[in-house]
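Residues per chain are reported as follows:
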Amino acid sequence: MRIGYSFWGFLGSGVTDTPDGGRSHRLPLIRALIERGHEMVFLQSDRDRLEAGDPVARPYRFDDGYPELDALVVEWRWRIEGRNTTPCNAPGHTCDLHRQTSLLRRYTGALRTPTVIWDKDRRLRPDDGWRASPGVVVCEAALHPTPGAHRVLFPVEDALLDSADPRALARTPRDLPLVYAGNQYDRDNAFDRFFAPVAARVDHRVLGKWTNTARWPHIRFVGRQPFPDVARFHHRSLATVLLLPDRYAAAGQMTQRLFEAVLAGCLPLAPATIRDVHRFVPAELVVRDGDHATAVLEGLLRQVGSAHHVGLLRTCLDRLALFRLSEQVERLELAITAAIGSAQSGAPC
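Residues numbered from 1 in each chain as written. Predicted model: local features only at pLDDT ≥ 70, side-chain atom pairs only at ≥ 80, totals over all residues. Heavy atoms only, no water.

Q: Mind showing me how you'd approach the overall build of the protein here?
A: Each helix and strand counted, the protein has 12 helices and 13 strands in total. Taken against the 2.2 N^0.38 rule, which gives 20 Å for 349 residues, the C-alpha radius of gyration of the protein at 21 Å falls within 12% of a compact globule. The principal-axis extents of the C-alpha atoms in the protein amount to approximately 60 × 40 × 40 Å. By residue count, 55% of the 349 residues in the protein fall in the buried class. (Helix = DSSP H or I, 4+ residues; strand = E, 2+ residues; numbered from the N terminus. Rg over C-alpha atoms; globule rule 2.2 N^0.38 Å. Buried < 20%, exposed > 50% of the residue type's maximum accessible area, 1.4 Å probe, protein only.)

Structure follows, in structure tokens:
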């Protein structure tokens, strides 16, 4: 099929000042779709070229018009006041939402093109009309998606999973006990409960956009870092804490930070408040609160490089099979097939 793909982000490392988490998995997914015989057409701006000066997207087709398509896939964008809700010529304006609205109006509304909306940030309301529209399938990156939605998790390349060596990762020198890579958005409660108490006891770094930090004077915030540097911090750190917004935790939606950390040998401590948390990490790394997380990390520090350390890493790597790219691309194709069937029948999915 010729698939139109709308995403507001990057295929490569992009720019430092961006919250685009899709950089860790978007390009492998696109390549997998192409390997399965599909033609991909990107329908938003080539931000790699325009903003980052990166030629990574040069082999791919971008189209700012309305090319003929067999299906449309949209990484859902939502209203961000003062950014994508302003006039196109306003300072700081981004046209992601305007373009998405135009694509949906043209393809999904007028042409009845089968459409998959991938709500990666859980921003599409449960009562949004698109969920009940014929020819539209909503996907979510959660173990427990909204009723009626399909599950497509953030994918990890099979080759990375198959080649990861827990022994080598356990031998890697790690001078930093704790790191967190991610932005503040909707994470204050989890940060207060699970990260800040541990950080009061050990050396640590917090990467990302954190603008309201007065309540944590003891935390070492280092700001946003270039995307490749995130991996370097994970490689030098023994552990991280998986901090999720409440709407993610309630649905069992894990971000790409889990596999970014584990593939670098950085052990993930996971709050017990995450639904089905044991599907993401072994029981030993599930923490009830900050005191418990501190105790777990202190135990890990005493076992660096041990057989137990290797075993924990092996178990964490095994848990990543849940995100295997070959499975996620099949799930996305099934969602497209369901959208095609719904468009043909005129009945909602």
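Q: Is there a simple way to explain the state of the cysteines in this structure?
A: As used here, a disulfide is simply a covalent bond connecting the sulfur atoms of two cysteines. The tally for this structure, following the rule as stated, stands at 0 disulfides. For the unlinked cysteine Cys 95, the closest cysteine sulfur is that of Cys 88, found at 3.5 Å. On the basis of relative accessible area, Cys 95 is assigned to the partly exposed category, the value being 30%. Not engaged in a disulfide, the cysteine Cys 316 finds its nearest cysteine sulfur in Cys 266; these two sulfurs lie 9.9 Å apart. (Disulfide = S-S within 2.5 Å.)

Q: Any chance you could explain the environment of Leu 243 here in plain terms?
A: With respect to the helices, strands and loops of the structure, Leu 243 is situated in the loop between strand E11 (237-241) and helix H8 (246-251). Exposure remark for Leu 243: the relative accessible area of 3% places this residue in the buried category. Sequence separation between Leu 243 and Arg 314 is 71 residues, and the spatial gap between their C-alpha atoms is 22 Å. The residues contacting Leu 243, other than those within four sequence positions of it, are Tyr 180, Arg 187, Ala 190, Phe 191, Phe 194 and Phe 195. (Contact = heavy atoms within 4.5 Å.)

Q: Can you walk me through the sheet that holds E11 in this structure?
A: Sheets are built from strands that pair by backbone hydrogen bonding, the pairs being arranged parallel or antiparallel. What the 6 strands build is an open sheet, ordered E10-E9-E8-E11-E12-E13; its pairing is parallel. Single-partner strands in this sheet number two, and they are strand E10 (221-223) and strand E13 (286-287). For strand E12 (residues 267-271) and E13, the ladder comprises 2 bridges, and the chain directions are parallel. Directly across from Pro 271, in E13, lies its bridge partner Val 287. (Pairing = 2+ DSSP bridges.)

Q: What is the right way to look at the sheet that holds strand E4 (residues 71-75) in this model?
A: If you trace the 7 strands from one edge of the open sheet to the other, you get E3-E2-E1-E4-E5-E6-E7, paired in parallel fashion. Whereas interior strands pair on both sides, the edge strands pair on one side only; in this sheet they are strand E3 (61-62) and strand E7 (150-151). Taken together, the 4 bridges between strand E1 (residues 2-6) and E4 define a ladder with parallel strand orientation. Pairing of Gly 4 across the sheet is with Leu 72, part of E4.

Q: Got a minute to help me understand helix H3 (residues 96-110) in this structure?
A: For the α-helix, the turn length of 3.6 residues means that residues three or four positions removed from each other point alike. In a regular helix each residue adds 1.5 Å, so 15 residues correspond to 21 Å; H3 covers 20 Å between its end C-alpha atoms and thus fits that length. Within H3 the residues assigned to the buried category are Asp 96, Leu 97, Arg 99, Gln 100, Ser 102, Leu 103, Leu 104, Tyr 107 and Thr 108. Buried residues along H3 sit in contact with E1, E4, strand E5 (115-119) and strand E6 (136-140). Looking at the residues trailing H3, positive phi occurs at Arg 112, about 60°. (Expected span 1.5 Å × (residues − 1).)

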